Amino acid sequence: MSYSDNVLGALKARYSYQPEFLQAAEEILKTLQPALDKNPAYEKYHILERMTEPERTVSFRVEWVDDKGQIQVNHGYRVQFNSAIGPYKGGIRFHPTVNEGILKFLGLEQILKNSLTGTPIGGAKGGADFDPKGKSEIEVMRFCQAFMTQLYRYIGATVDVPAGDIGVGGREIGFMYGAYKRLTTKYEGILTGKGLTFGGSLARTEATGYGVVYFTDAMLKEKGDSLKGKKCAVSGAGNVAIYCCEKLYQMGATPVTVSDSRGTIYDPNGIKVDVLKQVKEVERASLTRYAELVSTAQYTPVEKYPSGLHQVWTYKVDAAFPCATQNELNEEDAKTLLANGCNTVAEGANMPSTLGAINQFLKAGINYGPAKAANAGGVATSQLEMEQNAGMTSWTFETVDGKLHDIMTNLYNNAAATAREFGVAGNLVLGANIAGFRKVADAMIAQGVI
Ligand code: NDP
């Protein structure tokens, strides 16, 4: 049995109750074997056993009082997974599905993703099973303050710098930042995604969505192709999806779908980004509101489609950008996309494609940009925010966007070159995993058993 199979077997026995973590571990470990064969030091130093176990996980009670005066209790976590190449870095997610296993899958992915950006940041993830939907602004503020009352002990500008994720946008980051400042009296860059008036970076809001499109552009360019004229399916209607749509238009492509947990919008004329921003960023409403405002939009609620969320993958498109959540694109969806002529998939969300779907894409040999490479623009720009905070300065939008573009192009080149090095040109899953892994593994070996 190979080293990677051995470690995977042990993880499966120990963490059978964390299916998402095991799914991410399987996807990663299976592709690393050629690098493990090439350098026996990785097995000698038990790198896989060490890298798949978080350095530390903090879990805590978050108690707060709702608008009716009732006491509410939620569960909060911070998984500080790996600090071999820099301070822990990774988002905070507020969603009812959050548990330790989901945060471990996200944290494991984050280690390799952060390494791939070429910047010195380690991997982490955190969150709580709190649902911001339907809560008043004051309730969200009270929850954020309660969450930070626990978390502040474990973070710091050179220790661990969280950011946003699902359910955590600029508003929540602002509330958490204020709470940290009140607790510590320190004005320092302990979160990224901050508002522009208190240390935030221009282009951070846009970064993940723009970055996915920059990555796709680099991937297509190598084949002499481009996004110009392409019809695109985008899922999700949050931060990543909105700015993915915006950049697609700038590249001459047309996004024709978006979706949220309640339904899908299809508009062959193209999604209206200004309306989408108004509905999601300002009104915080569901996509039914978008359908009210745009007469050409066709809205299908999840109940009307047998497999609910997956409707977004049924339209005839050239490219697909899953930007909502994990496991939102399964093997059947992959087959449907391929049958409809889609030959490019780039992942804005984390682990949106199931293993079955990934295998379909690899078998078909289409342009496939896996999440940890394609969506690394968000965390890369967070690192640029840290750089600006450390220098007590701020850069122009063009400067940050230009750096983001360069990072995504370099990242694509690195993953593609690594795939070629291992004789599987075009397999960016293997290329990204091995390229990200080697840097962290070598740093761990150099730093000894700690
Ligand atoms: P948002 O909360 O802004 O938006 C998430 C979108 O996905 C919403 O439209 C939401 O619909 C939908 N969605 C979320 N969970 C589910 C679910 N279980 N079922 C169906 N739909 C769902 O999050 P982001 O845009 O920030 O994040 C989207 C994805 O991108 C996540 O996988 C995240 O980890 C990843 N990511 C984000 C980065 C960032 O910088 N923000 C960086 C890198 C990756 P509804 O509102 O109805 O719930």
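Residues numbered from 1 in each chain as written. Predicted model: local features only at pLDDT ≥ 70, side-chain atom pairs only at ≥ 80, totals over all residues. Heavy atoms only, no water.

Turning next to empty space enclosed by the protein. What the rule picks out here adds up to two cavities of 30 Å³ or more. For the largest cavity, the calculated volume is near 60 Å³. Considering the residues around the largest cavity, the lining is formed by Glu27, Glu109, Glu347, Met351, Pro352, Ser353, Ile358, Tyr368, Pro370, Ala371, Lys372 and Val429. Of the residues that constitute the lining of the largest cavity, the class distribution is seven nonpolar, one polar and four charged. Lining the second largest cavity are Ile28, Leu29, Leu32, Leu48, Met51, Thr52, Leu108, Leu112 and Phe437. Those elements that place two or more of their residues in the lining of the second largest cavity are helix 2 (19-38), helix 4 (47-51) and helix 5 (100-116). Element by element, the count of residues in the lining of the second largest cavity is highest for helix 2, at three residues. In terms of residue class, the lining of the second largest cavity is made up of eight nonpolar, one polar and no charged. (1 Å grid on protein atoms, 1.4 Å probe; cavity = no way out; pocket = protein on both sides within 12 Å on 5 of 7 lines; lining within 4 Å. Points joined across faces, edges and corners; volume = space filled by probe spheres on them. Nonpolar A, V, L, I, M, F, W, Y, C, P; charged D, E, K, R; others polar. Helix = DSSP H or I, 4+ residues; strand = E, 2+ residues; numbered from the N terminus.)

The full set close to the ligand counts 24 residues, and Lys133, Asp165, Thr208, Ser261 and Asn350 are the nearest of them. Asn239 is positioned with one of its backbone polar atoms (N or O) 2.9 Å from an oxygen atom of the ligand. For the ligand, the protein covers 85% of the area, taking 890 Å² as the surface of the free molecule. Where the shell around the ligand is concerned, the elements lending two or more residues are helix 8 (204-221), helix 9 (239-250) and strand 7 (254-260). Its residues placed into classes, the shell around the ligand shows seven nonpolar, 12 polar and five charged. Counting residues domain by domain, the shell around the ligand receives three or more from each of domain 1 (54-191) and domain 2 (207-369). (Near = heavy atom within 4 Å. Polar contact = N/O pair within 3.5 Å; in protein donor to acceptor, adjacent residues only side chain to side chain. Areas by Shrake-Rupley, 256 points an atom, 1.4 Å probe, with all protein chains shown as cover. Domains from an automatic or database assignment.)

Here we take up the environment of Asn375. By secondary structure assignment, the location of Asn375 is in the loop between helix 14 (371-374) and helix 15 (377-390). In this structure the C-alpha to C-alpha distance between Asn375 and Lys89, which are 286 residues apart in sequence, comes to 15 Å. At 2.7 Å, the side chain of Asn375 and the side chain of Lys113 are in polar contact.

Let us now look at the pairing of strand 2 (residues 71-82). Here 10 bridges tie strand 1 (residues 56-65) to strand 2, and the two strands are oriented antiparallel to one another. Residue Ser59 lies in a different strand from strand 2, and its bridge partner there is Tyr77. Linkage of strand 1 to strand 2, two consecutive antiparallel strands, is achieved through a turn of five residues, within which Gly69 is found at a positive phi near 85°. Bridge count between strand 2 and strand 4 (residues 122-128): six bridges; the pairing is antiparallel. Residue Arg78 lies in a different strand from strand 4, and its bridge partner there is Gly126. (Pairing = 2+ DSSP bridges.)

Taken domain by domain, the chain consists of domain 1 (54-191) and domain 2 (207-369). Measuring from the centre of the C-alpha atoms in domain 1 to the corresponding centre in domain 2 gives 27 Å. Listed as interface residues are 11 residues of domain 1 and, on the opposing side, eight residues of domain 2. Note on domain 1 versus domain 2: buried area summed over both sides is about 710 Å², and carbon and sulfur give 44% of it. Among the residues of domain 1 in contact with domain 2, Phe105, Lys133 and Arg171 are the three that bury the most area, contributing 47% of the side total. Counting every contact that joins domain 1 to domain 2 gives zero salt bridges. On inspection of domain 1 and its partner domain 2, the count reaches two residue pairs in polar contact (both at pLDDT 80 or more). (Contact = heavy atoms within 4.5 Å. Buried area = accessible area lost by both parts, 1.4 Å probe. Salt bridge = Lys/Arg side-chain N within 4 Å of Asp/Glu carboxyl O.)

Before going further, it helps to spend a moment on the layout of surface pockets. The calculated volume of the second largest pocket comes to roughly 320 Å³. Contributing to the lining of the second largest pocket are 16 residues, with Glu188, Gly189, Met386, Asn389 and Ala390 lying nearest its centre. In terms of residues, the lining of the second largest pocket owes the most to one element, helix 15, which gives five residues. Residues of the lining of the second largest pocket, tallied by class, amount to eight nonpolar, five polar and three charged.

Right, let's talk about unusual backbone geometry for a bit. Although it is not a glycine, His46 adopts a positive phi angle of roughly 55°. Position of His46 relative to the elements: it lies in the loop between helix 3 (41-44) and helix 4. The phi dihedral of Met392 is positive, around 50°, even though this residue is not glycine. Summarising the element assignment, Met392 is placed in the loop between helix 15 and helix 16 (397-421). For Met392, a relative accessible area of 78% translates into the label exposed. (Buried < 20%, exposed > 50% of the residue type's maximum accessible area, 1.4 Å probe, protein only.)

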